[in-house]
Amino acid sequence: FTLLLSLCTSIIFGLIPALQTTRPALTESLKEGGRSSASGVYSKRHRMLLVISEVALALLLSIGAGLMVRSYLSVQSINPGFDPEHVLSLRITLPGSKYSAEHQRVSFYRELLEQVKTVPGVQSAGAVNDLPLAGPGSSTSFSVKGRPKEGQNPLTEYRIVTPDYFRAMNIPLLNGRTFNETDDEKHQGVIVINETLARRFFPNQNPIGHHLALSGPPDEREIVGVVQDVKDYGLDAEG
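Criteria and thresholds
- Residues numbered from 1 in each chain as written.
- Predicted model: local features only at pLDDT ≥ 70, side-chain atom pairs only at ≥ 80, totals over all residues.
- Heavy atoms only, no water.
- Helix = DSSP H or I, 4+ residues; strand = E, 2+ residues; numbered from the N terminus.
- Buried < 20%, exposed > 50% of the residue type's maximum accessible area, 1.4 Å probe, protein only.
- Pairing = 2+ DSSP bridges.
- pLDDT = per-residue confidence, 0-100.
- Phe/Tyr/Trp six-rings, centres within 6.5 Å; stacked < 30°, edge-to-face > 60°.
- Salt bridge = Lys/Arg side-chain N within 4 Å of Asp/Glu carboxyl O.
- Patch = residues over 30% accessible without salt bridge, like charges linked within 9 Å, V, L, I, M, F, W, Y side chains within 5 Å.
- Areas by Shrake-Rupley, 256 points an atom, 1.4 Å probe, with all protein chains shown as cover.

(A) Looking closely at unusual backbone geometry. Positive phi, normally seen in glycine, also occurs at His86, with a value near 60°. Within the secondary structure layout, His86 lies in the loop between α3 (36-77) and α4 (102-117). By relative accessible area, His86 is classed as exposed at 81%. Here the phi dihedral of Asn204 falls at roughly 60°; this positive angle occurs in a residue that is not glycine.

(B) Here's a closer look at the pairing of strand β6 (residues 219-227). Strand direction decides the pairing type here: strand β3 (residues 173-176) and β6, joined by three bridges, are antiparallel. Residue pairing for β6: Asn175 is matched across the bridge by Val226. Across four bridges, the pairing between strand β5 (residues 211-214) and β6 is antiparallel. Across the sheet, residue Ala213 finds its bridge partner in β6, namely Glu220.

(C) How the structure looks around the confidence of the model for the protein. Residues of the protein with pLDDT of at least 70 account for 83%, and the chain-wide mean is 83. Of all the helices and strands in the protein, helix α2 (residues 24-31) carries the lowest mean pLDDT, 53, while β3 carries the highest, 96.

(D) A look at the pairing of β5. What you see with β5 is a clean split: Leu212 and Leu214 sit on the buried side and His211 and Ala213 on the side with no burial. Inspection of the sheet shows strand β1 (residues 138-144) paired to β5 by three bridges, in the antiparallel sense. Note that in β5 the partner of Phe142 across the bridge is Leu214.

(E) Region of the structure containing the packing of aromatic side chains. With the rule as written, the count across this model stands at five aromatic pairs. For the ring pair Phe142 and Phe201, a centre distance of 5.2 Å and an interplane angle of 75° mean the geometry is edge-to-face. Of the two residues, Phe142 sits in strand β1 while Phe201 sits in helix α6 (residues 195-201), which places them 59 residues apart along the sequence. For Phe201, a relative accessible area of 18% corresponds to the buried category. Joined through ring pairs, the aromatic side chains of Tyr99, Phe108 and Tyr109 make up one cluster.

(F) Fine view of the pattern of salt bridges. All told, the structure shown has seven salt bridges when counted by the stated rule. The salt bridge involving Asp164 is made with Lys117; its shortest N-O contact spans 3.0 Å. A residue pair is termed long-range when its members are at least 10 positions apart, and Asp164 in the loop between β2 (155-158) and α5 (165-168) and Lys117 in helix α4 qualify at 47 residues. Several salt bridges share partner residues, and in doing so they unite Glu114, Lys117 and Asp164 into one network.

(G) Geometry of a nonpolar patch on the surface. Among the surface-exposed residues, Leu59, Ile63 and Leu67 lie close enough to one another that they form a single nonpolar patch of about 280 Å² accessible area. Given a relative accessible area of 42%, Leu67 falls into the partly exposed group.

Structure, rendered in structure tokens:
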């Protein structure tokens, strides 16, 4: 927008004087001394109008540039909940005809991550179904086991991650632990929550060890860790 406005300004303020010099009355006014004063006043008014317009547009561009710089600095100061430095991400879509079963997809990603970890310079590798800042993901309602139900169950979004995902994305662990290799379908289901959920549903108490009953499909999982909030909708959004 700033570049387009600058080009239009240059064209307009360069075109008006050029048009004035091509007017036949200009040559005639130079020959006729009697009309020189009137022509001078007319030209002076146009020059003043051009100067005022230039100052106004320059002020508009300065204000726009200042707002853009302030917005950029504000965005830079926002903590997204993870550290993107030295992090490489890619999106993978498996063909359903070849990986129709869940265990096939799990085996593929497990083998892929093991190969990625052997690449020189790679410190950790993880996978997630929806990356941060990608917008809303899957959602489910839940309830805290052992607490009386009060109206409808709250709704929350969730992500499916591999054990090293939090380490790969540099998402700080605030309490408890993250996932490990023994957290599979053969053992009791566990879950890691963010600090907002912990603060809202477990005020002044430790959420580690509590159980959440999830719906769609029904599932009960034990809370084993709390991580820092991660912005999923955008840097200007709460969550």
